[in-house]
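Notes for the structure review
Below, each chain spelled out in residue letters.
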Amino acid sequence: MNGRIIILLIFLCFALNSYGQIEGVRVTYTRNPDNSCDFYYQKSSPGTYHLIVKFESLKNTDKYFYEGNIKENSGFLFKLKPIKPEKKIKFICEPYFIKGNPKPDIDKNFKYLLPFKKGGNISIWSIMTLMSQLAEGDNNYITPINYSESTQNQTIHVMRKGIVIEIENEYDFDPKSFDIFYEKRNSIIIEHEDGTYAKYAGFKKDAINVKIGQTVLPTEYLGILEKSVDNQYHLFFQIYYKAYMKDVFPDKKKHLDRRITKKLNPFFQTNKGLIALDDKMYKSQDYTVTTPENIIKQELTKKELEERAEFLTKKTAISN
């Protein structure tokens, strides 16, 4: 696995509280009166982490190996029990982590909304872009990215429920950019429940309306766009996950556990029905944004559904 060894942790279970620190995830333990040890974690940033705790040495306890995904900010991991209760457990372990779920359970038939305001008229292209250089020969990994263009600024909205895990908000408009594909763009990355991600890029600096760690629902407002060097407004967006090299390129012989970005081509709800945008590669298509309630409600919890119903009732009363 392409886990990154951050630090070698040596736990000698003599104190009530001791811990090891790795970037992004903090692993702690407590020794109980019966000499068992409980392990916990804390995350310093939102989103899923795949955590591995491998024991190089274990004394007075059974062999153990931990591997799993952690999503909450903190929680219980596992317990080590002593073979001889009167003696303490001694161990040496190495924690690894990977940001993201390395084997997401993806619903490729999931229906997405276009990331614009309801009723908006949008032109969308799909383009091929070089994502990364592979390790062998001259092979390159090419993937499509969708982008929109409009003469008027657009408000950008959530395509699918998720949690905001990254925000880039440092770039001002640069009139000297070579063309729209070389401009530096402010962006938002949202992680979805099934382990996929959505990236939205093209925001005006300081015009992003969400925060890291925030749960966002379909159609919620994310921000507004920055004008590009061609005097148009563009949003670059894609749905992807982080795949193992061996799952994307099974014939390769090296770096099989390296992870690369694997683009999905999901269905988007439009006025023309459900459309897979990459099927229109290199061809601009015009769409009117629609937001059917059955698409919005696909992943909402009972509480969120109740709040949605209350919101719609109030909206109807105001309009009447």
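These notes cover the structure that comes with them. Everything quoted here is computed from the prediction, not taken from an experiment.

Criteria and cut-off values
- Residues numbered from 1 in each chain as written.
- Predicted model: local features only at pLDDT ≥ 70, side-chain atom pairs only at ≥ 80, totals over all residues.
- Heavy atoms only, no water.
- 1 Å grid on protein atoms, 1.4 Å probe; cavity = no way out; pocket = protein on both sides within 12 Å on 5 of 7 lines; lining within 4 Å.
- Points joined across faces, edges and corners; volume = space filled by probe spheres on them.
- Nonpolar A, V, L, I, M, F, W, Y, C, P; charged D, E, K, R; others polar.
- Salt bridge = Lys/Arg side-chain N within 4 Å of Asp/Glu carboxyl O.
- Helix = DSSP H or I, 4+ residues; strand = E, 2+ residues; numbered from the N terminus.
- Buried < 20%, exposed > 50% of the residue type's maximum accessible area, 1.4 Å probe, protein only.
- Phe/Tyr/Trp six-rings, centres within 6.5 Å; stacked < 30°, edge-to-face > 60°.
- Polar contact = N/O pair within 3.5 Å; in protein donor to acceptor, adjacent residues only side chain to side chain.
- Contact = heavy atoms within 4.5 Å.

Observations concerning empty space enclosed by the protein
- A full pass over the atoms with the stated rule returns one cavity of 30 Å³ or more.
- Each pocket or cavity is described by its volume, and for the largest cavity that value is around 40 Å³.
- Around the largest cavity sit Phe110, Lys111, Leu113, Met159, Arg160, Pro218, Ile295, Ile296, Gln298 and Glu299, which together line it.
- Of the residues that constitute the lining of the largest cavity, the class distribution is six nonpolar, one polar and three charged.

Thoughts on the pattern of salt bridges
- Applying the stated criterion to the full structure yields 11 salt bridges.
- Residue aspartate 194 pairs with arginine 160 through a salt bridge whose shortest N-O separation is 3.2 Å. Placement of the pair is aspartate 194 in the loop between strand 15 (186–191) and strand 16 (197–208) and arginine 160 in the loop between strand 13 (155–157) and strand 14 (162–168), with a sequence separation of 34 residues. Of the two residues, aspartate 194 and arginine 160, neither departs from the other in class, the shared state being buried.
- Each of the salt bridges in this network shares a partner with another, and the network as a whole consists of Arg160, Asp194 and Glu299.

Description of the packing of aromatic side chains
- Applying the stated criterion across every chain yields a total of 17 aromatic pairs.
- Arranged with centres 6.0 Å apart and planes meeting at 80°, the rings of phenylalanine 55 and phenylalanine 78 form a pair that is edge-to-face. Of this pair, phenylalanine 55 sits in strand 6 (residues 49–59) while phenylalanine 78 sits in strand 8 (residues 74–80), and the two are 23 residues apart along the sequence.
- The exposure class of phenylalanine 55 is buried, given its relative accessible area of 12%.
- The class for phenylalanine 78 is buried, based on a relative accessible area of 3%.
- Ring centres of tyrosine 64 and phenylalanine 78 lie 4.8 Å apart, and the angle between their planes is 35°; this geometry places the pair in the tilted category. On the criterion of sequence distance, the pair formed by tyrosine 64 in the loop between strand 6 and strand 7 (65–70) and phenylalanine 78 in strand 8 is long-range, its members being 14 residues apart.

Overview of the side chain of threonine 61
- By secondary structure assignment, the location of threonine 61 is in the loop between strand 6 and strand 7.
- Looking at threonine 61, its side chain comes within polar contact range of the main-chain oxygen of lysine 81, at 2.8 Å.
- Beyond its immediate chain neighbours, meaning those up to four positions away, threonine 61 contacts Leu80, Lys81, Ile83 and Ile89.

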